[in-house]
Amino acid sequence: MSLRVDTENLPVLKNDLIIRAARGEETERAPVWVMRQAGRYLPEFLEVRKHHSFFECCKTPEIACELTLQPIRRFKGLLDAAIIFCDILVVPEAMGMTIEMNPAPSLPNPIRTPEDLERLPERIDVNKKLGYVFEAVNLTRHKLNGEVPLIGFCGAPWTLMAYMVEGGGSKTYQKAKEWLYRWPEASRTLLTRVADVCVDLLVGQVLAGAQVSCRISFCDGQAKLKKSLKKQLLQVFDSWASELPPALYQEMALPPCQYIAKQVRAKLQALGHPGVPMTLFAKGANASLDVLASEAGYDVLGLDSSITPAQARKLVGHKVALQGNADPMLLYGGQDAIKAEVKKMCDGFLAGGGGWIANLGHGVTPQVQVDDFRCFLESVHKYSRRNPEKAEVQVSNEKL
Ligand SMILES: Cc1c2[nH]c(c1CCC(=O)O)Cc1[nH]c(c(CCC(=O)O)c1C)Cc1[nH]c(c(CCC(=O)O)c1C)Cc1[nH]c(c(CCC(=O)O)c1C)C2
């Protein structure tokens, strides 16, 4: 099967702020994007959703591309990255599970016991099952016209396992945790099986968005890369990391994330690709931040709002860049509060030094007003400039 992917004439990237910050550089201003920036708070998204089901949006490259571009268009010049419109649950779906969105995800046939693992394939043909993601990435890279980099993503194995076992979201994660405690070996099998699909999904996204002069044949899996630039990013979302006690998180949830980082880098290297920066958003896994910084194998660690910038930087040192971490509910607090809190966040991260990507501590929620979202972005632009004092000193010197 051949995919509709053209990697020959991709536009040259014009804004690499986020790539530089992800590599640990102290950028002139913090790059900013927002988790779930394409979605239900945008009237233009709701308009599209009136006519198409959720998975139709994910699986139709033209629609996924349009939804990805909506926030970039509306907040022109304010967002420093796009994130491909998709969902973490496309992985269990590709593994044969039924997913319904009504509107929260629901999986009517969850994996309840280790015997149920037999229902899951050991390997899947990722081009066949998830080729629509690669087509959407490729189309979006063309349509973005190099304005900002495109973030590819997947869910982390523990978070996906939680959905697959619970059959949807959960308050207690009782069933998924029961698996980890009662059937650790079967849990590892499940986590590894999911991780293998995640690796292929991430690698495929990088290859589909590869820069000018990359020659890729998706049909036979051979990729001959003449030349490539490190101008993309990947993020792994471990949204339910904080549900596990730190020791259990490190024993069960972290290893598959390490595996993903290692495998993605190895596979890209084997294809002659220079690799891309990778972010791990292990939401709320603050007690493991020091371990994540030294051992996880990611360039950037995403933070939720339950830690201060100073505390986080102290724990990770300068081994990694940081991303985050304003409270998503701040966007309901009015624009004075948004400005004041964003200023505090910026002061905190700038004081700690190192690479920093501004974001919320979790996704933007549906009732947020578009103008308040814009105020958040504008405030980051205003308050995250490095050395504004210097400019002020220069001005006051001139006055003298
Ligand atoms: C817009 C949307 C998405 N997923 C869902 C929706 C709403 C569905 C609708 O249109 O009604 C269902 C959809 N899918 C999911 C949820 C969360 C529900 C729950 O709490 O269990 C919903 C409502 C599961 C999901 N999906 C995702 C996560 C990880 C991030 C996080 O923690 O928020 C998780 C946990 C990732 C995700 N999901 C989505 C993106 C798109 C790109 C962007 O960020 O702009 C991304 C990155 C898109």
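Structure: above.
Described in the following lines is the structure provided in the data block.

Thresholds applied
Residues numbered from 1 in each chain as written. Predicted model: local features only at pLDDT ≥ 70, side-chain atom pairs only at ≥ 80, totals over all residues. Heavy atoms only, no water. Salt bridge = Lys/Arg side-chain N within 4 Å of Asp/Glu carboxyl O. Helix = DSSP H or I, 4+ residues; strand = E, 2+ residues; numbered from the N terminus. Buried < 20%, exposed > 50% of the residue type's maximum accessible area, 1.4 Å probe, protein only. Arc of directions from axis to C-beta. Contact = heavy atoms within 4.5 Å. 1 Å grid on protein atoms, 1.4 Å probe; cavity = no way out; pocket = protein on both sides within 12 Å on 5 of 7 lines; lining within 4 Å. Points joined across faces, edges and corners; volume = space filled by probe spheres on them. Nonpolar A, V, L, I, M, F, W, Y, C, P; charged D, E, K, R; others polar. Polar contact = N/O pair within 3.5 Å; in protein donor to acceptor, adjacent residues only side chain to side chain. Near = heavy atom within 4 Å. Sits in = over half its atoms within 2 Å of the grid points. Pairing = 2+ DSSP bridges.

Side chains that differ in charge, positive against negative, can pair when their charged atoms come close. Scanning the entire structure with this criterion turns up 23 salt bridges. With a shortest N-O distance of 3.7 Å, arginine 386 and glutamate 26 are connected by a salt bridge. Taken together, the positions of arginine 386 in the loop between helix H14 (370–383) and helix H15 (388–399) and glutamate 26 in the loop between helix H1 (17–22) and helix H2 (43–51) put the pair 360 residues apart, joining distant regions of the chain. Its relative accessible area of 19% is what places arginine 386 among the buried residues. The exposure class assigned to glutamate 26 is partly exposed, which follows from its relative accessible area of 46%. As a salt-bridge pair, arginine 123 and aspartate 200 come within 3.8 Å of each other at their nearest N and O atoms. Here aspartate 200 lies in helix H9 (residues 184–208) and arginine 123 lies in the loop between strand S3 (105–106) and helix H6 (126–144), a separation of 77 residues in the sequence. Residue arginine 123 is classed as exposed on the basis of its relative accessible area of 52%. With relative accessibility at 16%, the residue aspartate 200 sits in the buried group.

Okay, helix H8 (residues 174–182) next. Buried residues of H8: Ala176, Trp179 and Leu180, and no others. Angular distribution of buried residues about the axis of H8 spans 95°; they occupy a single face of the element. Facing away from the buried side of H8 by more than 90 degrees, the exposed set consists of Gln174, Tyr181 and Arg182. Lining the buried residues of H8 we find helix H7 (157–166), H9 and helix H10 (246–270).

Its volume calculated, the largest pocket comes out at about 1,000 Å³. If you trace the largest pocket, you find 37 residues lining it, with Arg36, Arg40, Phe54, Asp87 and Val364 closest to the centre. Among the elements that make up the lining of the largest pocket, the one with the highest residue count is H2 (three residues). Considered class by class, the residues forming the lining of the largest pocket number 25 nonpolar, eight polar and four charged.

With that out of the way, let us pick up the side chain of aspartate 299. Turning to its location among the elements, aspartate 299 is positioned in the loop between helix H11 (289–296) and strand S9 (300–302). A polar contact is formed between the side chain of aspartate 299 and the side chain of arginine 265, at a distance of 3.1 Å. Here the side chain of aspartate 299 touches methionine 278 through a polar contact of 2.7 Å, landing on its backbone nitrogen.

Looking at the ligand, there are 21 residues lining it, with Arg36, Arg49, Tyr163, Ser239 and His362 nearest. With respect to the ligand, the side chain of arginine 36 contributes an N or O atom lying 2.5 Å from an oxygen atom. Tyrosine 163 places a side-chain nitrogen or oxygen 2.5 Å from an oxygen atom of the ligand. Assessed atom by atom at 2 Å from the grid points, the ligand resides in the largest pocket. Classifying every residue of the shell around the ligand gives 13 nonpolar, four polar and four charged.

Further remarks concern the pairing of strand S4 (residues 150–155). With six of six residues buried, S4 is to be regarded as a mostly interior element. Neither face of S4 is open: one carries Leu150, Gly152 and Cys154, the other Ile151, Phe153 and Gly155, and all of them are buried. Bridge count for strand S1 (residues 82–83) against S4 is two bridges, and the pairing is parallel. The residue bridging isoleucine 83 from the neighbouring strand is isoleucine 151, located in S4. In this sheet, strand S7 (residues 233–238) lies alongside S4 in parallel orientation, the contact comprising five bridges.

A few words on the environment of glutamine 235. In this structure, glutamine 235 sits in strand S7. Between the C-alpha atoms of glutamine 235 and leucine 301, which are 66 residues apart in sequence, the distance is 9.5 Å. For glutamine 235, the contacting residues outside a window of four places in its chain are Trp33, Met35, Ile151, Gly152, Phe153, Cys154, Thr279, Phe281 and Gln323. Side chain to side chain, glutamine 235 and glutamine 323 meet in a polar contact 3.0 Å long.

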